[in-house]
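# Geometric and topological summary
The residues making up each chain are set out below.
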Amino acid sequence: MPWHKQHYFDPAAPRANFRSRAFTFWGDTALFPLVHAFLGACVAGRDPDYRYLFDLLGTELAANAVRHSRSGEPGGRYTLRVDRCAEGMTFTCRDGGLPETRALDARARAHLSPDPAGLEADAERGRGLALVDALSTRWGDNGLATHRHVWFHLAYDLSESKWRGA
């Protein structure tokens, strides 16, 4: 990790004001402790519910990148970006795209949608986007299977999240 980005992974580091932070990770789940550290450092100083929820949703999208895209193949990578503004934070995961997709056609967009049964107690798959849909303030993706960018925004007050009602 570059010396000038070490504070990206240390929640105890002096709180640095930032507008945006990004880091590229190798597509290996063994590095998820670093993903948690990156997200934890980004939300340091926020209330515990906000920190937990931001980490939960962020790691879910990172896991989806590793599991469902070329980012999880040998040598694959994905980039996590956190943008901070006055009312909340936006998280973006940029992955390597679907394994069988090679050609870029910006006209062929297919946006992701959550599995309607993803939050049911006996659901065995489809929980990730269902959680993001239910618990984030808003979310979306760029619709490109060749290099997917999935994002969510989480307001600091969690006012539009089902988290408060859960």
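Structure: see above.
Before going into details, it helps to say that this report is about the structure given with it. (Residues numbered from 1 in each chain as written. Predicted model: local features only at pLDDT ≥ 70, side-chain atom pairs only at ≥ 80, totals over all residues. Heavy atoms only, no water.)

## Regarding the nonpolar core
Nonpolar side chains tend to gather and get buried jointly when the protein is soluble and globular. Here is the rule we go by: The nonpolar core is taken to be a set of buried Ala, Val, Leu, Ile, Met, Phe, Trp, Tyr and Cys residues, with the residues joined through side-chain atoms within 4.5 Å. Burial classification: accessible surface area is computed with a 1.4 Å probe over protein chains only, and a residue below 20% of its type maximum counts as buried, one above 50% as exposed, and the rest as partly exposed. A run of DSSP states H or I qualifies as a helix once it reaches four residues; a run of E qualifies as a strand once it reaches two. Both are numbered from the N-terminal end.
In this structure, Phe38, Phe54, Tyr78, Leu80, Val82, Phe91 and Phe152 are the most contacted members of the largest nonpolar core, which totals 37 residues. Counting only elements with at least two residues in this core, the list comes to β1 (20-26), α1 (32-42), α2 (48-68), β2 (77-84), β3 (88-94), α3 (127-135) and β5 (149-155). Element by element, the count of residues in this core is highest for α2, at nine residues.

## Overview of the packing of aromatic side chains
Each aromatic ring pair is described using two quantities: the centre-to-centre distance and the angle formed by the ring planes. This is how the line gets drawn: Each pair of aromatic rings taken from Phe, Tyr and Trp, with Trp reduced to its six-membered ring, is defined by centres within 6.5 Å and is described as stacked if the planes are under 30 degrees apart, edge-to-face if over 60, and tilted in the remaining cases.
By the definition in use, this model includes twelve aromatic pairs. On the numbers, 6.1 Å between centres and 50° between planes, the contact of Tyr8 with Phe38 is tilted. With a gap of 30 residues between them, Tyr8 in the segment before β1 and Phe38 in helix α1 connect regions that are remote in the sequence. Residue classification places Tyr8 among the buried residues on the basis of a relative accessible area of 11%. On the accessibility criterion, Phe38 (0% relative accessible area) is buried. Both rings, one in Phe9 and one in Phe23, keep their centres 4.9 Å apart while their planes meet at 85°; by these two values the pair is edge-to-face. One end of the pair, Phe9, is in the segment before β1; the other, Phe23, is in strand β1, and 14 residues separate them in sequence. There is no split in this pair, since Phe9 and Phe23 are both buried. Through successive ring pairs, a cluster of aromatic residues spans Tyr8, Phe9, Phe23, Phe25, Phe38 and Tyr78.

That is the geometry; function is a separate question.
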